Number of protein chains: 2
Amino acid sequence: METRLDKGEIRKIRKKLAQRLGVIQREAKDLGIPAMIVIEGIDGSGKGTLLNRLILELDARAYDIFSTHAGDHLLHEYPLLWTVSQHTPATGKLQFFDRSAYYLVLDAWAEGKLKEKDLTAYWEDINHFERQLADNETLILKIFLTTSKNEQAKRFQKFAGNPNTAWRVTDKDWRRHRQYSAHLAQVRKMMSQTHHSFAPWKEIVTDDLDAATIELYETVIAAFEEKVNAFKVAQTVPEPPRTWVPYRGVDHLANVDLSKSISRGRYKKRLKQKQAEVYDLAHQLHALKIPVVMVYCGWDAAGKGGCIKRLLQGVDPRSFSVVPIGAPTAEELSHHYLWRFWKELPRRGKITIFDRSWYGRVLVERVEALCSNLEWKRAYQEINEMEAHLIRFGTVVIKFWLQIDPETQLERFEARQADPNKRWKITAEDWRNREKHELYEQAVNEMITETSTAHAPWTLISATCKQYARIQTLDTAIAAMKAAIKRKHLAEL
Amino acid sequence: METRLDKGEIRKIRKKLAQRLGVIQREAKDLGIPAMIVIEGIDGSGKGTLLNRLILELDARAYDIFSTHAGDHLLHEYPLLWTVSQHTPATGKLQFFDRSAYYLVLDAWAEGKLKEKDLTAYWEDINHFERQLADNETLILKIFLTTSKNEQAKRFQKFAGNPNTAWRVTDKDWRRHRQYSAHLAQVRKMMSQTHHSFAPWKEIVTDDLDAATIELYETVIAAFEEKVNAFKVAQTVPEPPRTWVPYRGVDHLANVDLSKSISRGRYKKRLKQKQAEVYDLAHQLHALKIPVVMVYCGWDAAGKGGCIKRLLQGVDPRSFSVVPIGAPTAEELSHHYLWRFWKELPRRGKITIFDRSWYGRVLVERVEALCSNLEWKRAYQEINEMEAHLIRFGTVVIKFWLQIDPETQLERFEARQADPNKRWKITAEDWRNREKHELYEQAVNEMITETSTAHAPWTLISATCKQYARIQTLDTAIAAMKAAIKRKHLAEL
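Numbers given for residues are sequential positions, taken from 1 along each chain in its written order. Whichever chain is written first becomes A and whichever ligand is written first becomes 1, with later ones labelled in order. The model is predicted, so local features are restricted to residues of pLDDT at least 70 and side-chain atom pairs to those at 80 or more, both for listing and for counting; the totals for chains, interfaces and linings are taken over all residues. Processing note: side-chain calculations cover all non-hydrogen atoms of the structure and skip hydrogens and water entirely.

A run of DSSP states H or I qualifies as a helix once it reaches four residues; a run of E qualifies as a strand once it reaches two. Both are numbered from the N-terminal end. Relative to the helices and strands, B:Gln186 resides in helix H8 (residues 180-194). Residue B:Gln186 is classed as buried on the basis of its relative accessible area of 5%. Classification of residues uses two cut-offs on accessible area relative to the type maximum, computed with a 1.4 Å probe and protein chains only: under 20% is buried, over 50% is exposed, and between them is partly exposed.

Bringing the packing of helix H4 (residues 101-110) of chain A against helix H5 (residues 116-135) of chain A into the picture now. Residues and elements named next belong to chain A. The axes used here are C-alpha line fits, helices contributing only the stretch in contact, and every angle between their N-to-C directions lies in the interval 0 to 180 degrees. At a minimum axis distance of 11 Å, the contact between H4 and H5 shows a crossing angle of 175 degrees. In this view, H4 runs roughly antiparallel relative to H5, as classed from their interaxial angle. For the pair H4 and H5, the contacting residues are Ala101, Tyr102, Val105, Leu106 and Trp109 in the first and Glu116, Leu119, Tyr122, Trp123, Ile126 and Glu130 in the second. Any angle that falls under 35 degrees is termed roughly parallel, while one over 145 is termed roughly antiparallel, one within 65 to 115 roughly perpendicular, and all others oblique. Whether two residues are in contact is decided by their heavy atoms, any of which lying within 4.5 Å being enough.

Right, let's get into the sheet that holds strand S8 (residues 351-355) of chain A. All names here are of chain A. Pairing in this open sheet of five strands is parallel, and the strands run S7-S8-S6-S9-S10 from one edge to the other. Of all strands in the sheet, those with a lone pairing partner are strand S7 (320-324) and strand S10 (458-462), marking the two edges. The mean inter-strand angle of the sheet, taken between neighbouring strand axes irrespective of direction, is 20 degrees. Two strands are said to pair when DSSP picks up at least two bridges between them. Where strand S6 (residues 292-298) and strand S9 (residues 396-403) come together, seven bridges link them in parallel fashion. Opposite Val295, over in S9, you have Lys399 as the bridge partner. Docked against the sheet, helix H11 (residues 304-312) engages S6, S7, S8 and S9, running at close to 155 degrees with respect to S6.

By convention in these notes, a salt bridge is any Lys or Arg side-chain nitrogen within 4 Å of a carboxyl oxygen on Asp or Glu. If you walk through the whole model with that rule in mind, you get 78 salt bridges over all chains. A:Arg61 is the partner of A:Asp59 in a salt bridge, and the nearest nitrogen-oxygen pair spans 3.3 Å. We classify A:Arg61 as exposed; its relative accessible area is 52%. In this structure, B:Lys142 engages B:Glu130 in a salt bridge whose closest nitrogen and oxygen atoms are separated by 2.8 Å. One end of the pair, B:Lys142, is in strand S4 (residues 139-146); the other, B:Glu130, is in helix H5 (residues 116-135), and twelve residues separate them in sequence.

Looking now at H11(A). Extensive coverage of H11(A) is indicated by the burial of eight of its nine residues. The complete set of buried residues in H11(A) reads A:Lys304, A:Gly306, A:Cys307, A:Ile308, A:Lys309, A:Arg310, A:Leu311 and A:Leu312.

All names here are of chain A. Only rings of Phe, Tyr and Trp enter the pairing, Trp through its six-membered ring, and a pair is recorded when the two centres are within 6.5 Å. The plane angle decides the type: under 30 degrees is stacked, over 60 is edge-to-face, the rest tilted. A complete count under the given rule lists 36 aromatic pairs over all chains for this structure. Aromatic side chains Phe341 and Trp358 sit 5.7 Å apart centroid to centroid with 75 degrees between the ring planes, which places their arrangement in the edge-to-face category. Taken together, the residues span a long stretch of sequence, with Phe341 in helix H13 (residues 339-342) and Trp358 in the loop between S8 and helix H14 (364-367) at a distance of 17 residues. The burial state of Phe341 is the same as that of Trp358; both residues are buried. Through a chain of ring-to-ring contacts, the aromatic side chains of Phe341, Phe354, Trp358, Tyr359 and Trp458 assemble into a single cluster. Only Lys NZ and Arg CZ are tested; either one counts as a charge over a ring when it is within 6 Å of the ring centre and within 35 degrees of the ring normal. A cation sits over an aromatic face here: Arg361 above Tyr337, 4.0 Å from the ring centre. Across the ring face of Trp376, the terminal group of Arg366 is positioned such that the distance to the ring centre comes to 3.8 Å.

Turning our eyes to something else, we now look at the relation of the copies chain B and chain A. Our superposition of the copies is a least-squares fit, built on the C-alpha atoms of residues whose pLDDT is at least 70 in both. Each copy of the sequence occupies a distinct position, and chain B is placed on chain A by a rotation of 180 degrees and an axial shift of 0.0 Å, giving an RMSD of 0.0 Å. What we have between these two chains is a two-fold relation. Most of the interface of chain B is mirrored in chain A: 100% of its interface residues are interface residues there too.

Residue and element names in this part refer to chain A. Of all the seven residues making up S6, seven are buried; the element is thus mostly covered by neighbouring parts of the structure. Of the two faces of S6, the one lined by Val292, Met294, Tyr296 and Gly298 and the one lined by Val293, Val295 and Cys297 are each fully buried. When S6 meets S8, the two strands line up parallel, connected through five bridges. Counterpart to Met294 in the pairing with S8 is Ile353.

On to the environment of B:Tyr468, then. Residues and elements named next belong to chain B. Looking at where Tyr468 falls in the secondary structure, it is placed in helix H19 (residues 466-491). For Tyr468, a relative accessible area of 15% gives the class buried. For the pair Tyr468 and Ser261, spaced 207 residues apart in sequence, the C-alpha to C-alpha distance is 5.2 Å. When near neighbours in sequence (up to four residues on either side) are disregarded, Tyr468 contacts Lys260, Ser261, Ile262 and Ser462.

Right, let's talk about helix H16 (residues 406-418) of chain A for a bit. Residue and element names in this part refer to chain A. Take the number of residues in a helix, subtract one, and multiply by 1.5 Å to get its expected span. Over its 13 residues, H16 runs 18 Å from end to end, which matches the ideal 18 Å to within 8%, given 1.5 Å per residue. Of the positions making up H16, those classed as buried are Thr408, Gln409, Arg412, Phe413 and Arg416. Relative to the axis of H16, the buried residues are bounded by an arc of 135 degrees and lie together on one face. Across from the buried face of H16, at angles greater than 90 degrees, the exposed residues are Glu407, Glu411 and Ala418. Residues of H16 that are buried in the fold lie against helix H17 (428-435) and helix H19 (466-492). Of all possible arcs, the one meant is that of the directions from the helix axis to the C-beta atoms.

Once that is clear, we can look at empty space enclosed by the protein. Residue and element names in this part refer to chain B. Of the grid points, spaced at 1 Å and generated over the protein atoms alone, those admitting a 1.4 Å probe that cannot get out make up cavities, while open sets with protein on both sides within 12 Å along at least five of seven lines make up pockets; any residue with an atom within 4 Å of a point is treated as lining. Grid points are joined across faces, edges and corners, and a volume is the space filled by probe spheres set on the points. By the definition in use, this model includes eight cavities of 30 Å³ or more. As for the largest cavity, its lining consists of 15 residues, and the residues nearest its centre are Gly41, Ile42, Asp43, Arg176 and His183. Listing elements by their share of the lining of the largest cavity, those giving two or more residues are strand S1 (35-41), helix H4 (101-110) and H8. The residue makeup of the lining of the largest cavity, split by class, is seven nonpolar, three polar and five charged. Note that Gly is not counted as nonpolar here; it falls among the polar residues with everything else outside the nonpolar set of Ala, Val, Leu, Ile, Met, Phe, Trp, Tyr, Cys and Pro and the charged set of Asp, Glu, Lys and Arg.

What follows is about the sheet that holds strand S5 (residues 201-205) of chain A. Residue and element names in this part refer to chain A. Pairing within the open sheet is parallel, and its five strands lie in the order S2-S3-S1-S4-S5. Looking at which strands have only one partner, the edges of the open sheet turn out to be strand S2 (63-67) and S5. Here the average twist between neighbouring strands, direction ignored, is 20 degrees. With seven bridges joining them, strand S1 (residues 35-41) and strand S4 (residues 139-146) adopt parallel strand pairing. Bridging from a neighbouring strand, Ile37 pairs with Leu141 of S4.

Here it is in structure tokens:
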């Protein structure tokens, strides 16, 4: 290549670019912009070298790196986006992904573990996920490093020739080398399906590592500059007032028959029988490696805790966890609102019970105007997308709304207040929430309309009689678990 | 058993105890007491059932459970106490361990992977770890559930008889059943070696599950009551003033020859050569699965960042991470001060670089009186114990102190202040720290005296000439890595 710059000149250019990079990255940080840069690449494309040249120019306090290894055991125990979701950057942070979900999917395809026709569904899930982050002001830049087939072979040979690095070049690498064209074609197809203005791909050819370094620096700087400018402009636009947007659709709650009840004797008998069933089913789910997510929502004092307790009474504590959801911590607030829920999702064969959930976004956060109207309106789709991703992974998603009327709630509040052992359960906030009962009703109804999907429907439970509600939630859970076990058996035929 | 209570009576007693448990647990929470309860037990001892009976009486917001599975891949990639350390409770939290490090060690012994004579070293490490937590006001209670050999067989048979639970009883379980006496003898030996007033064991025989439940409740309540009372008494004792405790021992820093330097030409040549060596060594460490911890400490502007950068320039970013240490977050402050460092420790084959470290406890926290004199004095031993645990796991621990004199520091501060690209590196705090130079000198010298151990010695680096310091740190790191590789090869002969 005659156009190659000499080493001294390259050093000067790199130094200048590195300074600009430092300046713009600090500016993004000060503005609180979360940034994620995904570096993917074919084997032998110099990913390590280039990533090093990028990060070693940055203040170590400014960034984090997460490296994805296809062989990592845990990756396959969770939905594809679980690992990525946990490493998405907080406000003002810069996160590098040294390979990411793209690699895992492409690798599975190249190894024959995934059919080509199934790839699109994964790219769609990733698109949704990235759009959600971008809507939350995250800068997303994706780099794909490629090198010519000849250069790839040369680099493999160089590794193979050093006894210390020979182990890095595996049979799989050489196999991939022979499939160079087919593999690269699939990579380009992936890029075209996942390239968006909010999360663009940039392919960099690395045959000349110095030129590639300069191109990489320039790409990253440009992405930061664009985002910083857009962010500053957006800051000048005043946010519309968070006025209440009424819901006038179907009143699902009014259709719940609150008079339902069960006698003490029948309750005891049924409870015993249902708990025995859950005991067996939990073991089957574990053996079949089916994960289960259960969401318990409902009015304060509707009896969520009691239902959860009855469900779990016979279940081995190693196979479930209960995640009570309260106000988010400072760390949680510095992330996308779904971040703290992704973290808690069950691995294969486990049951996770959410006592309150991500639906807080469209309930308390909407009613209390803790987020903008734009944010809670967009949340329905975001939540449906997340649940669809779980379901594609094989997760059973069960969602309960426990319904009581305000009079029943008042009785229970007063009873709690009178009982020294239960008084701590009642807070000033609980009383305040009662005053907003009608707004909450609208929010719940709209939530049910928007997020009751075929695979993750809401089940409304009449909870005036606590014992009745317990049996109903048990029944629903049992039916959903049985159906999932049946599906799994059929799929394995 | 003639003394068995009838079901109704048992229910009444359990309900009463459950209420007391709720009350005392909330009191501990309000006082900010961190609590950990370890539940261990032989197979078939009803651990799941009893743990469930305990936790389902508690508010789900009040506790967390961590279950240890011997088969979990990651457990074996990290030092024994790594997983435990991450789940130790924060202020006011209650953490259950459904099995813990004890189980992992005993299981490894029972499977013939660990020799009996090596057990004591593990028990010692656990003792140290628990003492550190207890010194940090953590309530520690350890329960061991046992059952008679006959009852164990009956329970295994019951599992085996149900097609849904049959998979739970494995050949290993039956093998362990045949070794019942030998296993239980080892358990009792373990308990006697790890029983302390600050972390007591309580054995509960579970042949009668209802009686065991009551005994479990009573044990937990008693532990909480004792801790709450002791905590309240301790709160009435005024803390001694945090006056400066001078150090008059060896002045290690005075012995560093600050005149050392290297010429530009020799530096360039040597750097290239050393980096090539590090490149090879990093690959060997990875292949041999040897983890490395490097600690870079030194005066502000001593050039830590530059040394780190030169070390890593040729290393694959997948095999290292740089952890810059700043002021702790609110979450970190709610834990033992070593918690945030345990989290970052390298898995097998990886290199973790700490830019500042746990030594902050005996440096900035001592000088700024951010902790009590008792706390920083005790930290030397705590740190030595943690490092010893790492070394036993096979980790290479390399510690640098970069030394410059106050005049050199002033020059560098002024140069940074004058450079618009470096000005952000200097903060008001840096200037303030200069005023306490003499106190820091004493703290550094005492730290070196107290924590320079045979396996994790401090290396003092003359850093007046930055290039000299870079070569010296590279040299030291290379020598330590080579020695570790040699040890590993010898051990495998």
